[in-house]
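What follows is the residue order along each chain.
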Amino acid sequence: MANVIVIGAQWGDEGKGKITDLLSRSADVVIRYQGGVNAGHTIVVKDQTFKLHLIPSGILYPDTECMIGCGTVIDPQVLIKELDQLAKVGVSTQNLLISETAHVTMPYHRAIERASEERRGSHKIGTTGRGIGPTYADKSERTGIRVLDLMDSEGLREQLEWTINYKNVILEKLYNLPPLDPKEVIEEYLGYAERLRPHVVDTSLKIYDAIQRRRNILFEGAQGTLLDLDHGTYPYVTSSNPVAGGACVGTGLGPTMIDRVIGVAKAYTTRVGEGPFPTEIHGEMGELLCDRGAEFGTTTGRKRRCGWFDAVIGRYAVRINGMDCLAITKLDVLDEVEEIKVCVAYEIDGERSEHFPTSSRKFARCCPIYKTMPGWRTPTTHCRSLEDLPKEARDYLKFLAELMEVPIAIVSLGASRDQTIIVEDPIHGPKRALLNHEGTPPSLLSA
Ligand SMILES: Nc1nc2c(ncn2[C@@H]2O[C@H](COP(=O)(O)OP(=O)(O)OP(=O)(O)O)[C@@H](O)[C@H]2O)c(=O)[nH]1
Ligand SMILES: O=P(O)(O)OC[C@H]1O[C@@H](n2cnc3c(O)ncnc32)[C@H](O)[C@@H]1O
Ligand SMILES: N[C@@H](CC(=O)O)C(=O)O
Ligand SMILES: [Mg+2]
């Protein structure tokens, strides 16, 4: 039995969907613990592509129980659309459970977010526009609507009447927008409630039950470490905690139950939305990575910004998440690149630093110090073992593992489930933190 967290080690879109789907083969339960429909997880199986926003990436396995945990925010309209789309292609969602205490995204959340982004002008965050920030803000302000409120029609009428009138003041007075009609919204959401009711439970009880029955639980992170509300490039972050620590809070499971943390990182870096990005490449090379990597948002279709691999943020992600091992994705995207750069440290205000600065303003002044590696200029999408890879590609991976002092357990060379090299067992390997008693690094990727 092993309970494993999968997290993004960069700014999201690292390919967590593909890796979670792959690992779900050995999981009994897969659970999302934060974020909402801002996430876009892509899974490719044979010639079928699935784009999931809220439903966990374990859903393609009919016997796996999938849960949407209490730390998520749920847009019922999008969730129902996702359920319908899966049903259309014959994927059962009977095993999907939704937490009673997750918060619900309402129309005023989306409207307020759009208006506030516009009002911010050049200070905008570049959000996905899905109402994520305002839904989490209401949770903190204690004016949120939870799934269990949605299930109680009388209570909901009263609660929403009050809340919508309260939000209408903001819409009308602050943003000069038309008010929402409480009756219309209430009827719309009561309809959603009936559709979702069969899935709604106390998921923390279900998880504890799974623990007691020695089931394998996979926690699927969305977004990435650098988008974390507390540990990312604030204010250019999302409003939840994508880091491994978020998995316990966002599901109601105690930290002593977690066995492993697997980080997912692209072989280069991308970021979508505003905010500093020291290794961003402007010009031809950035376009090449964007083209080859099909770097367009799974949710909004926005073009993702592309850059070289940044080992400073990689090391930071290892530390913040207590990462045991890494999955490196999209190595194939670098197949045509003649020379590959890796950021090994920053120069900040004339000084060298190997640490991620806590201030975003300081981060924006970081100039990457690069080490240049030779490319391999050979296709790798067919490789299924480390030995199949060109030597330069193996050297590149080894260099990344050494820089971050974390073993690479999985290498991904294409979007498809089978385009993967398993270097070592990602789930049952030893706990990395326990290997370092004498300060010796754990065994890294073998050459
Ligand atoms: N070429 C290539 N594409 C890959 C590989 N692994 C994943 N992909 C694709 O890369 C993209 C990854 O983006 P997402 O699916 O948005 O990643 P994610 O981490 O699940 O997303 P968020 O939770 O939104 O951060 C998808 O289009 C995948 O199909 C790979 O090894 N090579
Ligand atoms: O989460 P919101 O508030 O919509 O956006 C804030 C910030 O985070 C970026 N982002 C959100 N979800 C994802 C995702 O799934 N992959 C990558 N980046 C994401 C968004 O672009 C904003 O920069
Ligand atoms: N989740 C998103 C963010 C977006 O679509 O803008 C992505 O896959 O890039
Ligand atoms: Mg995505």
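As recorded by an unreviewed UniProt entry, the protein carries the name Adenylosuccinate synthetase and is attributed to Tolypothrix bouteillei VB521301. We quote the UniProt Sequence similarities (unreviewed entry) comment for the protein here in full: "Belongs to the adenylosuccinate synthetase family."

(A) Looking closely at the site of ligand 2. Contacts to ligand 2 come from 16 residues, most closely from Asn-38, Thr-128, Thr-238, Val-272 and Arg-302. With respect to ligand 2, the backbone of Gly-126 contributes an N or O atom lying 3.3 Å from an oxygen atom. One of the side-chain nitrogen or oxygen atoms of Gln-223 is found 3.3 Å away from a nitrogen atom of ligand 2. The fraction of the free accessible surface of ligand 2 (470 Å²) that becomes covered by protein chains is 97%. Here the shell around ligand 2 is composed, by residue class, of six nonpolar, eight polar and two charged.

(B) The coordination of the magnesium ion (ligand 4), seen in detail. Surrounding the magnesium ion (ligand 4) are the protein donor atoms Asp-13 (OD) and Gly-40 (O), which sit 2.1 to 2.4 Å from the metal. Each of the six donor atoms around the magnesium ion (ligand 4) contributes to a set of angles spanning 62 to 172 degrees, which defines the coordination as irregular. Of the two residues, Asp-13 sits in the loop between strand E1 (3-8) and helix H1 (16-23) while Gly-40 sits in the loop between strand E2 (29-32) and strand E3 (41-45), which places them 27 residues apart along the sequence. Since its relative accessible area comes to 23%, Asp-13 is described here as partly exposed. Gly-40 sits in the buried class, given a relative accessible area of 13%.

(C) Examining the site of ligand 1 more closely. Close to ligand 1 lie 22 residues, the nearest being Asp-13, Lys-16, Gly-40, His-41 and Ser-412. The backbone of Asp-13 places a nitrogen or oxygen atom 2.6 Å from an oxygen atom of ligand 1. Separating an oxygen atom of ligand 1 from a backbone N or O atom of Gln-223 is a distance of 3.4 Å. For ligand 1, the accessible surface in isolation is 660 Å², of which the surrounding protein chains cover 91%. When contributions to the shell around ligand 1 are tallied by element, the ones reaching two or more residues are H1 and E3. Considering every element that reaches the shell around ligand 1, the biggest residue donor is H1, with three residues. Of the residues belonging to the shell around ligand 1, the class tally is five nonpolar, 10 polar and seven charged.

(D) Helix H10 (residues 284-292), seen in detail. Among all positions in H10, only Gly-286, Leu-289 and Cys-290 are buried. On an axial view of H10, the arc spanned by its buried residues comes to 100 degrees, and they lie on one face. Residues Glu-284 and Asp-291 are exposed on H10 and point more than 90 degrees away from its buried face. Buried residues belonging to H10 abut strand E13 (305-307). Ala-294 lies just past H10 and shows a positive phi near 45 degrees.

(E) Here's a closer look at the nonpolar core. Counting residues in each nonpolar core, the largest one holds 61 residues, and the members touching the most others are Leu-331 and Tyr-396. When neighbours within four sequence positions are excluded, Leu-331 is seen to be in contact with Ala-267, Trp-376, Leu-389, Ala-393, Tyr-396, Leu-397, Val-411, Ser-412 and Leu-413. Judged by nonpolar contacts, the second largest core, of 59 residues, contains Phe-50, Leu-52, Leu-171 and Leu-196.

(F) Structural view of the UniProt feature "active site" (unreviewed entry) in the protein. Sites flagged by UniProt as "active site" (unreviewed entry) map to Asp-13, His-41 and Lys-139. For this annotated set, covering 127 residues, the C-alpha atoms extend up to 25.7 Å from each other, a dispersed arrangement in space. Contacts of Asp-13, omitting those with residues within four sequence positions, involve Gly-40, Lys-266, Val-272 and Arg-304. Judged by its relative accessible area of 4%, His-41 is buried.

(G) Here's a closer look at empty space enclosed by the protein. The tally for this structure, following the rule as stated, stands at one cavity of 30 Å³ or more. Roughly 50 Å³ of internal volume is contained in the largest cavity. Every residue lining the largest cavity is listed: Ala-2, Val-4, Leu-23, Ser-26, Ala-27, Asn-216, Ile-217, Leu-218 and Ile-427. For the lining of the largest cavity, the per-class residue count stands at seven nonpolar, two polar and no charged.

(H) Region of the structure containing the sheet that holds strand E19 (residues 408-412). An order of E9-E7-E5-E2-E10-E1-E11-E15-E19-E20 is seen for the 10 strands of this open sheet, with the pairing classed as mixed. The open sheet terminates on both sides in strands that have one partner only, identified here as strand E9 (200-201) and strand E20 (420-422). Sheet topology note: the strand E5 (residues 65-68)/strand E7 (residues 96-99) ladder contains three bridges and is parallel. Residue pairing for E7: Met-67 is matched across the bridge by Leu-97.

(I) Focus on the pairing of E1. Counting buried positions along E1 yields six of six residues, so the element is predominantly enclosed. Across the two faces of E1 the burial is the same, with Asn-3, Ile-5 and Ile-7 and Val-4, Val-6 and Gly-8 all buried. Where E1 meets strand E10 (residues 217-220), four bridges bridge the pair, whose relative direction is parallel. Bridge pairing in E10 links Ile-5 to Phe-219. Where E1 lies against strand E11 (residues 260-266), five bridges are found, and the strand directions are parallel. Considered in E11, the bridge of Ile-5 is made with Val-261.

(J) Representation of the side chain of Glu-280 within the structure. With respect to the helices and strands, the residue Glu-280 is situated in the loop between strand E12 (269-271) and H10. Leave out the neighbours within four places in its chain, and Glu-280 touches Arg-305, Cys-306 and Gly-307.

(K) Inspection of the environment of Thr-128 at higher detail. Of note, Thr-128 is situated in the loop between helix H3 (107-120) and helix H4 (132-141). A C-alpha to C-alpha distance of 23 Å links Thr-128 and Ile-98, two positions 30 residues apart in sequence. Beyond its immediate stretch of four places on either side in the chain, Thr-128 contacts Asn-38, Glu-113, Thr-300 and Arg-302.

Conventions we followed
Residues numbered from 1 in each chain as written. Chains lettered and ligands numbered in written order. Predicted model: local features only at pLDDT ≥ 70, side-chain atom pairs only at ≥ 80, totals over all residues. Heavy atoms only, no water. UniProt positions renumbered as here; feature names shortened; annotations may be inferred. Near = heavy atom within 4 Å. Polar contact = N/O pair within 3.5 Å; in protein donor to acceptor, adjacent residues only side chain to side chain. Areas by Shrake-Rupley, 256 points an atom, 1.4 Å probe, with all protein chains shown as cover. Nonpolar A, V, L, I, M, F, W, Y, C, P; charged D, E, K, R; others polar. Donors = N, O, S within 2.8 Å, 3.2 Å for Na, K, Ca; no water. Tetrahedral: all angles 85-135°; square planar, octahedral: opposite > 155°, others 65-115°. Helix = DSSP H or I, 4+ residues; strand = E, 2+ residues; numbered from the N terminus. Buried < 20%, exposed > 50% of the residue type's maximum accessible area, 1.4 Å probe, protein only. Arc of directions from axis to C-beta. Contact = heavy atoms within 4.5 Å. Core = buried A, V, L, I, M, F, W, Y, C linked by side-chain atoms within 4.5 Å. 1 Å grid on protein atoms, 1.4 Å probe; cavity = no way out; pocket = protein on both sides within 12 Å on 5 of 7 lines; lining within 4 Å. Points joined across faces, edges and corners; volume = space filled by probe spheres on them. Pairing = 2+ DSSP bridges.

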